[in-house]
Every structure is written in structure tokens, then in C-alpha cells.
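# Structural features, examined
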Amino acid sequence: MIPQSFIDDLLYRLDITDVVGRYVQLKAAGANLQGLCPFHNEKSPSFTVSPSKQFYHCFGCGAHGNAVGFVMEHLGLTFPEAVENLAGNLGIDVPYEKGMDVPAEVRSEREELVELLTRAANYYKAQLKKSPVAIDYLKNRGLTGHVAARYGMGYAPDAYQNLEAVVENYASNTQLDLAGLTKISDSNRRYDAFRGRIMFPIRNAKGQVIGFGGRVLGDEKPKYLNSPETPVFSKGHEVYGLFEARQAIHKMGYALVTEGYMDVVALAQWGFENAVATLGTAVTPDHVLKLFKQTDRLVFAFDGDSAGQKAAWRALQACLPHVSENKRADFIFLPAEHDPDSFIRTEGPDGFEAMVAQSASLSEFLARYLERSYPLQQIEGSAAAISFLKPLIVQMQPTVYRSSLLRALANLLGATPMELSRHLGLKSREGGGDYFSPRNKGQFQGGSQNGQPGGQQGGQQGKFSGKKFGKRFGQFEDQPLQNNWGPRPTAKSPLLSLAARVIRAPQHVGLCNSLLELYEREQSPAPEVHSFVHLLEKVRSDPNLLEARLQHAFNDEVHQNWVNSVLKEARTLDDSLDFETELRSGVYQCSELWFKAELERLSAEIPIQGEQLRWYHECMQRFQELKQKRVNQL
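Once a new chain begins, its residue numbering starts again from 1 and follows that chain's sequence as written. Thresholds applied to this predicted model are a pLDDT of at least 70 for local features of residues and 80 or more for the giving and counting of side-chain atom pairs; totals over whole chains, interfaces and linings are not thresholded and use all residues. Based on all heavy atoms of the structure, the side-chain values leave hydrogens and waters out of the count.

Looking now at the overall build of the protein chain. In terms of helices and strands, the protein chain carries 24 helices and 16 strands. Exposure classes here rest on a 1.4 Å probe applied to the protein chains alone. A residue is buried below 20% of its type maximum, exposed above 50%, and partly exposed in between. Evaluated residue by residue, the protein chain yields a buried proportion of 47% over its 634 residues. Any two residues whose heavy atoms approach within 4.5 Å are treated as being in contact. At a minimum sequence separation of 6, the contacts of the protein chain that also span at least 24 residues come to 63%. Under the convention used here, a 1.4 Å probe and the Shrake-Rupley method define accessible areas, while residue burial counts only the protein chains that appear. By element, 49% of the accessible surface of the protein chain is carried by carbon and sulfur atoms, the whole surface being about 31800 Å². Note on conventions: DSSP H or I runs of at least 4 residues are helices, E runs of at least 2 residues are strands, and numbering of each starts at the N terminus.

Below is the structure:
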């Protein structure tokens, strides 16, 4: 953990106008500076930087924070990475408290590997400028020098010991092997791993070169060669082009995920600078999580051949643990003869934009896959499809999106959502379907005759007729149905949801300690906060507290109504939930809301100085850390 004293000193040394000004064009606006917000599209500036308070705020999208927060959000870094980035710009080292520091020898080895890889990248870039053959190859692929420079592309000449020109002690430097730049022959001689290839440097979130991809100029095999796993590079975690694409992803609202390096640079050449690629491996859940930290929408565009179709299916599987009502994945299906590179060169950017607009959602892709793979019109086919779905659906989080998907799949497979949930091994709520399904809210009724409600005793309008409904089920008569569910319920507060999970998992009540400390700072807490604190005290004193005794522990109507709502919510929670994780997530969310409100209160007080300024920066740090923790749980 980075000491708070260092954070305070770092923020004191930094000027947020300099930090933001590297990425945003700012103009004076009274005592503040204004510019176009880098976090959302806008034509009129609503993004403000305050030199006196040392924070930024966007009145359009609500983005708010200090210098560390800006670097985290804009560059997609974790809190420690953002601090390292800013401290590095000032030429100072980041201290870590004992027990959290990375061993010095590990840091030294990683730094040495990055230095070697950077030296190699610079060498390859210089060689590209000297190679007419490589330059002609890129020109024939429609690439300009601007795009080649943007991605740091280079060329590895077709010789065995190119890097000897830029690396000391080449013959005995074992770090070259560890970095994946060289190999050892049978005769115990060191030689370059990349030869006669266009070179694509792979960068991490800091922009450091951590690996390479190399493509031959002809049809030799293998066509692509990638760096091996090293202490600084993991194919299953890194994404090519993400460092270069981050600003475009924020601007365009989605990440365009492809399979190859050439797809990325070709799409960027035609204006799709939000393109990224996996690194010679199938899309993994780690890839998906990394990308979802940058955007709420992923659009996968793989080759149109059978291999590309298989890659798209593997991408769908990798997305299942992370998709939700707030995180979506879509899929482009190109003609069989095309990959993204060839398609955009043939059809142009408008043609590719049309493919993005027509992309299939994850749910549509899944339904198509089932319809192609199983004879769903037969009982045997539906049963086989349900069996196939089980290991897929159990990966998904119990969200509104999963419930909606289950209802759609149940309709496709000729089952009810409750039946499908049971067959898939999902524990449904008592008396209802999957999570968020309406339960005991009333019943549908058909039309009426002579003032009597429809149904069995009130005419035949609510019954099925002999006519077919679609292909399989029959249909209702033409009269409209009436529902008696009543008004739509209001959204539950995060604190109420957290309290319900405390009731279901009292053994984990200690996870709420940090949140309790925040609430204890309040001089006039809201009634809900007062009730929550009182509830925690009761649960701590008696983890096996019965519901009836818990209700009597609250002696006024307001608090009794609140605890009744908590108990009602607790009864609906599924037994299969990981309550420890749920509690942690709830504490993060409530704490994040508390710090957001505190920051808004402090920001309204002019000027902020002394102890109050120190508290402001501490709040900002903890707010950003909580946001990162919540993102990591997606």
C-alpha cells in the first residue's frame, strides 16, 4: 500500500492543469480552465479544471476527481499505476508500506526486460525506414506512415543476430532469452527470435513495450509469431492496441475486438481507432474484464470463415461471466471470404459502420447457435440444448440480464423460466422464477362479460384457443389481457440491499466495519443510516436473532417499516449467492456513495485549505480505490 503521506506530497507537487493539459486543450474561463470533456462526446465545453482546488469536474457527465483520478480514468490505470505514472513524470520513486512492496530484485528484473524490449522496438522502427521491401508491403496493404508511427510498427531484417547491434554482450545476455527476443540453437548459439517480419510492439497500460507480434511479408509459415510468456507479458491477459485505442474507445462508446494485428492497424487507417486484438490466442475472460474496464460495450469482429466463427463462439463464452444489463457484447458476422482488414478495404468505412450497426447481440448469437445446432422442434433437441446450456449459464452473475436471457431461452426451448432454471441447476426464488422475476404480484385476467372477470368463470376470453401461436403453442383470442400487478416498484436503496445481505449472512457482519466508521462521522445521519447502524449493533450482539425479535428491536414506525423492507428483501435472496462477495460489493458501493457526497460537500466550500484540504485528498484517494475495487468485481 502506498503511504498517504506520499500521496499528499505528490498532489502538492503536481499541478492538475499540467496533468490534464497533456490530454485536453484548456482555455481560461475566469478563475478556472475549460475544455471539451475527454470522457464523453460534446461540442460545447462543460469540463472544468480548478487550479485553486486542484480538481476537475464535468457538468455534462459528472466526471470528478483530482490529478490521480484523472490519470486513472483517462488512461485506464489502477490507483497504484496512476501514482507510479505521475511520480515517474516527476522523477521520484513510489514507496510501498512493508508487506505490500514488490521485491526490489523482481522490480529490477522487470525494468531490465522492459528496457531491452524498448531498445528492440526502437531498433525495429529504425530498420523499417531503411527497408523499401517492408515499406512497399505496408503501402500495398493501404497503410500510411502516420498509422505505422501511431502503433510503433517496425521491421526485423532477415538476419540471425540483428539485435547484436543494439544490445551489449549479445552472445551471453540471458535476459534477451527471458524477454522472448532470442533463442538458443542446438549448437548453443544465441539468435534472434524475430527475423524477416513486420513488427508490432505490444504495450501495457503505461505505454511500455512488453512484447511483440511479427508477420512475414509473404506466405511463409507461421504467418504470425508472438512473444512467449515472460515476467512482463501474458497473452491471455494483454490486448494489442489498447494503449493506443483508449481515447477512441471513450469517444466512440465501444471497443472493436478483432483477431489480428493487421486488422487493428487497417481499421485504424480507415477511422476505427477503437480497434484492438487478442494476441494469437482465443478471447479469455481476463481479456473481456480488461476491456470492460474501458467501456460498457464490446463489438467482436472476427474472420468470416469457420475458424472466425469458432473464435466468435469462444468470445461469447468468455463474456458470459461479465455481461450484465450494464455491460453488453455484440458480434459482427462478416462474409466468409473476408476478415476485418479485407472487408474495410473492399467496402470502405461506411460498409463497416453498417456492419457494426447490424451486429448481433450476445443473446441473438446464442439463440442462433442453438437453432443451428439442435432440432428444437423436437423434444429430444430441446432437451439436448438445455443440457448444452447448463455449463454456460451457471457462469453468469445473477443479474437482471441473466433473468431476461433465461426467459428468452425458455420461450425458444418450450419451457417456463422456472423449469429452465431448475434444469440448469439455478436455485430460483421461492414461489417464482429466476432472480428479479415478479412473484405474487397478482394474476393476469382476460376480458370480462357482464361485469364478471375473465378466466374460468367469466367467459372464454382468457383461454387458449385451438389456433396456433407461432409454430408450437397456440394463441390467445384477440381480446387484450389486463394485468393487476399495480404500480411498478421503486428501486431499492443500496443500503437496504446491503442490510438484507447482513441478515442472510450475519457471520460476515464485520465486513461492514469500514462503512460504519464513515457513518459515525456524520453529525446528523439520515433515518436509514440510523436504522442500519442500529441493525448492525443487534446482529453483532446476537447473530441468531429471530425476525420477530428483530422487528421489536425497532420501537418507532419509521424504523420498523425500514426493517420490514429489509426482511422482505432478505427472504427473496437466493441461497446460491456468494454472500461474502455480495456483502463486500455492497460495502464498496455504499462507501463510494458516501465519499462522493462528502467530496461534493467539500467542493462547495471555498476555499479548501489546511486539514480540510488533506481530508479532501484522502477522500478522493479512497473514492478512486473503491471505484477500482468495484470495477475489479465486474
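There is more to say, and it comes next.
Another aspect to go through is the packing of aromatic side chains. Think of it this way: a Phe, Tyr or Trp ring, Trp meaning its six-membered ring, pairs with another when their centres are within 6.5 Å, and the plane angle makes it stacked under 30 degrees, edge-to-face over 60, tilted otherwise. This structure, assessed with the given rule, holds 30 aromatic pairs. Ring geometry for Phe 272 versus Phe 352: centroids 5.2 Å apart, planes at 65°, classification edge-to-face. In this pair, Phe 272 is assigned in the loop between α10 (261-269) and β13 (275-277) and Phe 352 in helix α13 (residues 340-357), connecting sequence segments 80 residues apart. Of the two residues examined, Phe 272 and Phe 352, each falls in the buried class. Ring centres 5.2 Å apart and planes at 15° place the aromatic pair Phe 300 and Phe 331 in the stacked group.

Before going further, it helps to spend a moment on the packing of helix α18 (residues 494-504) against helix α23 (residues 579-603). Note on geometry: axes are lines fitted to C-alpha atoms, helical ones only across the stretch in contact, with angles between N-to-C directions running from 0 to 180 degrees. Viewed as axis vectors pointing N to C, α18 and α23 meet at an angle of 150°, and their least axial separation amounts to 9 Å. Of the possible angle classes, the one that applies to α18 and α23 is roughly antiparallel. Of the two elements, α18 crosses α23, and the hand of that crossing is left-handed. Between α18, through Pro 494, Leu 495, Leu 498, Arg 501, Val 502 and Arg 504, and α23, the contact on the second element is made entirely by Phe 579, Glu 582, Leu 583, Gly 586, Val 587, Gln 589, Cys 590 and Leu 593. Amino acids are sorted into nonpolar (Ala, Val, Leu, Ile, Met, Phe, Trp, Tyr, Cys and Pro), charged (Asp, Glu, Lys and Arg) and polar (every other residue, Gly among them). For the contact of α18 with α23, the per-class residue count stands at 9 nonpolar, 2 polar and 3 charged. Angles below 35 degrees are treated as roughly parallel, those above 145 as roughly antiparallel, those between 65 and 115 as roughly perpendicular, and all remaining angles as oblique. Each crossing gets its handedness from the near helix: less than a right angle anticlockwise from the far helix is left-handed, clockwise is right-handed.

Whenever strands of a sheet pair, they do so through backbone hydrogen bonds, lying parallel or antiparallel. Pairing between strands is defined by DSSP: at least two bridges between the two strands are required. In spatial order, the strands read β1-β2-β3-β4-β5; together these 5 strands make up an open sheet with antiparallel pairing. The open sheet has two edge strands, β1 (27-29) and β5 (64-65), and neither has a second partner. Inspection of the sheet shows strand β3 (residues 47-50) paired to strand β4 (residues 55-58) by 4 bridges, in the antiparallel sense. Within β4, the position partnered with Val 49 by the bridge is Tyr 56.

Salt bridge, as used here, is a side-chain nitrogen of Lys or Arg placed within 4 Å of a carboxyl oxygen of Asp or Glu. This model, assessed by the stated rule, comprises 14 salt bridges. Arg 328 is the salt-bridge partner of Asp 330, the closest N and O atoms lying 2.7 Å from each other. Take Asp 330: its relative accessible area is 1%, and that puts it in the buried class. Of the charged contacts, one joins Arg 622 and Glu 618 as a salt bridge, the two residues approaching to 3.5 Å between their closest N and O atoms. Here the residue Arg 622 and the residue Glu 618 both occupy positions in helix α24 (residues 610-632), the gap between them amounting to 4 residues, near one helical turn. Members of the salt-bridge network, linked through shared partners, are Arg 141, Asp 341 and Arg 345.

This paragraph deals with the side chain of Gln 175. Among the structural elements, Gln 175 can be located in helix α8 (residues 174-178). Every residue in contact with Gln 175, bar those within four places of it in the chain, is listed here: Glu 109, Glu 112, Leu 113 and Leu 116.

A separate point is the pairing of strand β15 (residues 328-333). Where strand β14 (residues 297-302) lies against β15, 6 bridges are found, and the strand directions are parallel. Looking at the pairing, Arg 297 lines up with Arg 328 of β15. We call a crossover right-handed when, viewed with the strands running away from us, the connection from the first strand over the helix to the second turns clockwise. Handedness of the crossover joining β14 and β15 through helix α12 (residues 306-319): right-handed. As judged from the 2 bridges shared by β15 and strand β16 (residues 360-361), these two strands associate in the antiparallel manner. Counterpart to Phe 331 in the pairing with β16 is Ala 360.

Right, let's get into unusual backbone geometry. Here the amide bond leading from Lys 221 into Pro 222 is cis, since omega sits at -5°, within 30 degrees of zero. With respect to the helices, strands and loops of the structure, Pro 222 is situated in the loop between β10 (209-216) and β11 (224-226). The backbone of Asn 169 shows a phi angle near 55°, a positive value even though the residue is not glycine. For Asn 169, the location among the structural elements is in the loop between β6 (154-156) and α8. Even without glycine at this site, Asn 188 takes up a positive phi of about 65°. Note on placement: Asn 188 falls in the loop between β7 (182-184) and β8 (190-192).

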